[in-house]
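One-letter residues, chain by chain:
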2 protein chains.
Amino acid sequence: MSKRISQSSLKAPSFKRSDCPLACALDIVGDKWSLLIVRDLLFGRSRYSGFLDAGEGLPSNILASRLRSLEKAGLVRKMRDQAQPTHQAYQLTESGLDLSAVIVALVHWSRINIPGTRPSQIG
Amino acid sequence: MSKRISQSSLKAPSFKRSDCPLACALDIVGDKWSLLIVRDLLFGRSRYSGFLDAGEGLPSNILASRLRSLEKAGLVRKMRDQAQPTHQAYQLTESGLDLSAVIVALVHWSRINIPGTRPSQIG
DNA sequence: CAGTATCCATTTTGATACTG
DNA sequence: CAGTATCAAAATGGATACTG
């Protein structure tokens with residue numbers, strides 16, 4: 001017998017504490033995984049399994065939850081893979097692409113301020 | 001009878017998954033509160049009670065935990081308040097100040113991409 | 001194989017009461 | 001004022017099992 005109630009057993013993080021633009025942004029990407037998924041998308045990964053293999057050990061249930069919340073927030077779009085139509089592919093929307101500036105700023109900060117950061121490669 | 005073991009009942013978030021500069025940065029500021037505290041420091045707040053009153057309803061135990069981890073990561077310094085030496089004051093280090101670029105990028109993104117964001121004020 | 005879902009232990013959170 | 005302590009609730013992380 002199959003369970004039919006829950007769309008997913010894992011809920012996305014809560015949403016919108018205030019109208020401060022910074023707090024609003026953090027309600028969407030203020031966690032340890034979302035920007036790493038955006039990073040992967042920027043660097044050409046587009047498949048579920050690709051995100052899982054990215055190296056930081058993102059668990060599959062967390063990945064599913066994050067993809068849902070990023071999609072709901074309009075940063076990511078899911079579609080059929082052009083090259084392999086049997087597969088799904090994720091891609092950034094305009095809004096998601098705009099996050100590259102945030103990622104660049106974080107990487108720049110990290111390079112200067114965190115010792116032991118990898119010198120020449122993101123991802 | 002008093003408990004004496006725990007320095008604090010609340011632990012700071014875990015640390016350093018990989019050597020990717022983005023992941024390293026997110027291990028430090030990749031949560032919903034740390035950058036809001038940095039924002040407050042940038043905008044002139046410096047006291048524990050000031051952070052609590054900032055408006056987003058940051059709980060005091062989370063604040064204590066975040067201040068500890070930001071201090072440990074070298075972004076924040078605790079000292080005696082110059083004006084009122086009976087009080088403590090927090091201030092950003094150079095490293096913490098450098099995060100302003102990240103905050104600017106996030107606010108800019110938010111203004112463009114999140115409807116309902118407050119038009120003319122951070123904080 | 002790609003993608004989801006479920007179970008369960010551990011961590012983190014949020015709210016509030018409490019202490020020096 | 002500046003934190004700590006307590007505790008319930010929620011999120012996380014792994015492992016694993018299910019579906020098409």
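Now for a look at the structure at hand. (Residues numbered from 1 in each chain as written. Chains lettered and ligands numbered in written order. Predicted model: local features only at pLDDT ≥ 70, side-chain atom pairs only at ≥ 80, totals over all residues. Heavy atoms only, no water.)

Counting residues in hydrophobic clusters, the biggest one holds 62 residues, and the most contacted among them are Leu106(A) and Leu106(B). Once residues lying within four places of it in the same chain are set aside, the contact partners of Leu106(A) are Leu35(A), Leu22(B), Ala25(B), Leu26(B), Val29(B) and Val102(B). (Core = buried A, V, L, I, M, F, W, Y, C linked by side-chain atoms within 4.5 Å. Buried < 20%, exposed > 50% of the residue type's maximum accessible area, 1.4 Å probe, protein only. Contact = heavy atoms within 4.5 Å.)

Turning to helix H6 (residues 100-113) of chain A, a few remarks are in order. With 14 residues, H6(A) should reach 20 Å at 1.5 Å per residue; the first-to-last C-alpha distance of 20 Å fits that figure. The complete set of buried residues in H6(A) reads Val102(A), Ile103(A), Ala105(A), Leu106(A), Val107(A), Trp109(A), Ser110(A) and Asn113(A). Against helix H2 (34-42) of chain A together with helix H1 (21-29), helix H5 (94-97) and helix H6 (100-113) of chain B lie the buried residues of H6(A). (Helix = DSSP H or I, 4+ residues; strand = E, 2+ residues; numbered from the N terminus. Expected span 1.5 Å × (residues − 1).)

The subject of this paragraph is the packing of helix H1 (residues 21-29) of chain A against H6(B). Running from amino to carboxyl end, H1(A) crosses H6(B) at an angle of 85 degrees, the nearest separation of the two axes being 8 Å. Taken together, the axis directions place H1(A) and H6(B) in an arrangement best described as roughly perpendicular. Every residue of H6(B) that contacts H1(A) at Pro21(A), Leu22(A), Cys24(A), Ala25(A), Leu26(A), Ile28(A) and Val29(A) is listed here: Ile103(B), Leu106(B), Val107(B), Trp109(B), Ser110(B) and Arg111(B). Residue classes in the contact of H1(A) with H6(B) are distributed as eleven nonpolar, one polar and one charged. (Axes fitted to C-alpha atoms, helices over the stretch in contact; angles between N-to-C directions. Parallel < 35°, antiparallel > 145°, perpendicular 65-115°, else oblique. Nonpolar A, V, L, I, M, F, W, Y, C, P; charged D, E, K, R; others polar.)

This part covers the relation of the copies chain A and chain B. Rotating chain A by 180 degrees and moving it 0.0 Å along the rotation axis overlays it on chain B with an RMSD of 0.1 Å. Such values leave the two copies arranged in the relation of a two-fold axis. Of every C-alpha in chain A, the one belonging to Asp31(A) sits nearest the axis of rotation, 2.3 Å from it. When the interface residues of chain A are mapped onto chain B, 100% of them again lie at the interface, so the same face is used by both copies. (Least-squares fit on C-alpha atoms with pLDDT ≥ 70 in both.)

Every contact between the two is made by 46 residues of chain A and, on the other side, 46 residues of chain B. Counting the surface lost from both chain A and chain B, the interface buries some 3,800 Å², and carbon and sulfur atoms represent 68% of this. Considering only the side of chain A, the residues that lose the most area to chain B are Leu22(A), Lys32(A) and Trp109(A), jointly responsible for 19% of the buried surface there. In this assembly, chain A and chain B are joined by zero salt bridges. In this assembly, chain A and chain B are joined by twelve residue pairs in polar contact (both at pLDDT 80 or more). When residues of the side of chain A that touches chain B are traced back to their parent elements, those giving at least two are H1, H2 and H6 of chain A. Among the elements that make up the side of chain A that touches chain B, the one with the highest residue count is H6(A) (eleven residues). Among the residues making up the side of chain A that touches chain B, the classes are represented as 25 nonpolar, ten polar and eleven charged. (Buried area = accessible area lost by both parts, 1.4 Å probe. Salt bridge = Lys/Arg side-chain N within 4 Å of Asp/Glu carboxyl O. Polar contact = N/O pair within 3.5 Å; in protein donor to acceptor, adjacent residues only side chain to side chain.)

Counting across every chain of the model gives twelve salt bridges over all chains. The shortest N-O distance in the salt bridge between Arg17(A) and Asp27(A) comes to 3.1 Å. A residue pair is termed long-range when its members are at least 10 positions apart, and Arg17(A) in the segment before H1 and Asp27(A) in helix H1 qualify at ten residues. Between Asp31(B) and Arg66(B) there is a salt bridge; the shortest N-O distance is 3.1 Å. Taken as a pair, Asp31(B) in the loop between H1 and helix H2 (34-42) and Arg66(B) in helix H4 (residues 60-72) lie far apart in primary sequence, 35 residues in all. What emerges from the salt-bridge pattern is a single network uniting Arg39(A), Asp40(A), Arg45(A) and Glu56(A).

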